[in-house]
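Descriptive structure summary
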Amino acid sequence: MTARSAIWSRVLSRLGTSALVAWGSITAAFVALHALPGRIEDILAGDLDYPGLREAIAQEWGLDRSLPEQYVDFVARIATGDFGVSYALRQPVAEIVGSQVMPTVQLAGAAGALAIILAVVAATLTAGRGRIARGAASLIELTCASAPVFWIGILLLMAFSFSLRWFPVSGGQGWKSLVLPAVALALPTAGLLAQVLREAMEKTLEQPFIVTVRARGLGESLIRVRHVLRHAALPAVTLGGWLIGGLLGGAVITEKVFGRPGLGTVTLNAVLTHDVPVVLAVVLLAAFIHVAASTLLDIAYVVIDPRLNAQ
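Here the structure is a predicted model, which means the values were calculated and not measured. (Residues numbered from 1 in each chain as written. Predicted model: local features only at pLDDT ≥ 70, side-chain atom pairs only at ≥ 80, totals over all residues. Heavy atoms only, no water.)

Quick notes on the packing of aromatic side chains
The full count for this structure, using the stated rule, is 3 aromatic pairs. Residues Phe 30 and Tyr 71 carry aromatic rings whose centres are separated by 5.3 Å and whose planes lie at 70° to one another, so their mutual orientation is edge-to-face. Within this pair, whereas Phe 30 is found in helix α1 (residues 3-35), its partner Tyr 71 is found in helix α4 (residues 67-79), the two being separated by 41 residues in sequence. Of the two residues examined, Phe 30 and Tyr 71, each falls in the buried class. When the centroid spacing of 5.4 Å and the interplanar angle of 50° are considered together, the rings of Phe 30 and Phe 74 count as tilted. Residue Phe 30 is found in helix α1, and its partner Phe 74 is found in helix α4; the two are separated by 44 residues along the sequence. (Phe/Tyr/Trp six-rings, centres within 6.5 Å; stacked < 30°, edge-to-face > 60°. Helix = DSSP H or I, 4+ residues; strand = E, 2+ residues; numbered from the N terminus. Buried < 20%, exposed > 50% of the residue type's maximum accessible area, 1.4 Å probe, protein only.)

A short note on the nonpolar core
Of all hydrophobic cores here, the largest spans 30 residues; its most connected members are Leu 44, Ile 57, Trp 61, Phe 74, Val 278 and Leu 284. Secondary-structure elements contributing two or more residues to this core are α1, α2 (40-45), α3 (53-60), α4, α5 (93-126), α11 (263-272) and α12 (276-304). Residue contributions to this core peak at 5 residues, all from α12. The contacts of Val 278, once residues within four sequence positions are left out, are Ser 86, Val 93, Ile 96, Val 266 and Ala 270. The next biggest cluster of nonpolar side chains, apart from the first, holds 18 residues, and it includes Ala 119, Leu 193, Ile 223 and Leu 229. (Core = buried A, V, L, I, M, F, W, Y, C linked by side-chain atoms within 4.5 Å. Contact = heavy atoms within 4.5 Å.)

Brief notes about a nonpolar patch on the surface
Taken together, the side chains of Phe 150, Trp 151, Ile 154, Leu 155, Met 158, Phe 162, Val 169, Val 252 and Ile 253 present a nonpolar region at the surface, about 780 Å² in accessible area. Of all elements in the fold, only α7 (149-163) and α10 (220-257) reach the threshold of two or more residues within the nonpolar patch. Along the chain, Ile 253 turns up in helix α10. (Patch = residues over 30% accessible without salt bridge, like charges linked within 9 Å, V, L, I, M, F, W, Y side chains within 5 Å. Areas by Shrake-Rupley, 256 points an atom, 1.4 Å probe, with all protein chains shown as cover. Salt bridge = Lys/Arg side-chain N within 4 Å of Asp/Glu carboxyl O.)

Remarks on the environment of Val 149
Secondary-structure assignment places Val 149 in helix α7. Distance from Val 149 to Leu 48, taken between C-alpha atoms, is 34 Å for residues 101 residues apart in sequence. When sequence neighbours within four positions are dropped, the list of residues in contact with Val 149 reads Ala 184, Leu 185, Pro 188, Gly 250 and Thr 254.

Some remarks on the side chain of Gln 70
Along the polypeptide, Gln 70 turns up in helix α4. Owing to a relative accessible area of 9%, Gln 70 belongs among the buried residues under this scheme. Apart from the residues within four sequence positions on either side, Gln 70 is in contact with Phe 30, His 34, Gly 62, Leu 63 and Arg 65.

Laid out in C-alpha cells, this is it:
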C-alpha cells in the first residue's frame, strides 16, 4: 500500500468512526429524553402551561406513534438540523442557537489560538534549559492550569477594566471586548499544553537524531523550531481534542462573567427556564463539535508524524 493510499484509508476509516459516534450521540439524547420521568410533552413544555400546548407538542414530535418510528424521525430531524421549537421563546431552536454560535466560536477560537501560541513559546524557550528557568515556568503554568476561569476573569476585570480602563467591562462589540475573555479562557489551557509540550520536547532533545542535526551546524533555535517541535507536537495534539471541550465548557462561564452574548448565555437561560429543546440542541452541538475536532486532529497526526502512514 502506497503512502497516499494509507492516508486515504486512515481518513475514510476515521470519518466512518466519527459518523458512528455522532449517531451514538443522537441515540443517547433520544434515550435520555425518553428515560426522564414524566410525559415527553410535559418535559418539552417545561414550566409553560397554556391551552393546546401539549397537544401541539405531541403532534410535532409524533408522540402518538411507536417508539421505533419516533426514533427514526428524531434521527432524521437532527441530521437535517431540525431541533424543533423553543416553546418558551416561540422560535425555532436552530435560529436561537445559530444566532449565538459565532460569538462563542470567536471566543473559543481566539482563546485556542492564544493558548497554542503561549504554550509553544513557553515550551520552546524553557525545554532543556536550566533548573531555575524550568522551575519558574512550571510554577506559572501550574498556577494558570489550576486557576478557575471565573477567578482569572474577575482579576482581569479588576486590573484592566475597573482600574486601568483599557478594556470594556462587558459586551461583545469590537475587538477590545474579546481580549480579556480570550485571555481568561486561554491561560488554563496554555498552562496545561505547555507542560505536556515541554516534557515531549525534552524527550526529543535526547534522541540521537538531534545530535546528528547539531553536527550539521544548525543553530539551537532552528533545531527546536524545525525538528524538535514537530516531533514533540503529537502528544499536545492528542490532548487538544480534550481541551476543545474545556474551551467550550469554559466559554459558558466566561461569557457570563464578561456579559458576552453566545451559547453560554443561551444555555444558562434555557436551563433556568427548563427550555429542554434548546438544552438538547446545545448538548448535541457540543457533541458534534467534539467529533469533528477529534476527526480533524486524528487526520492531522499523519501530517505531523508521517511514520503513522505505515500503520
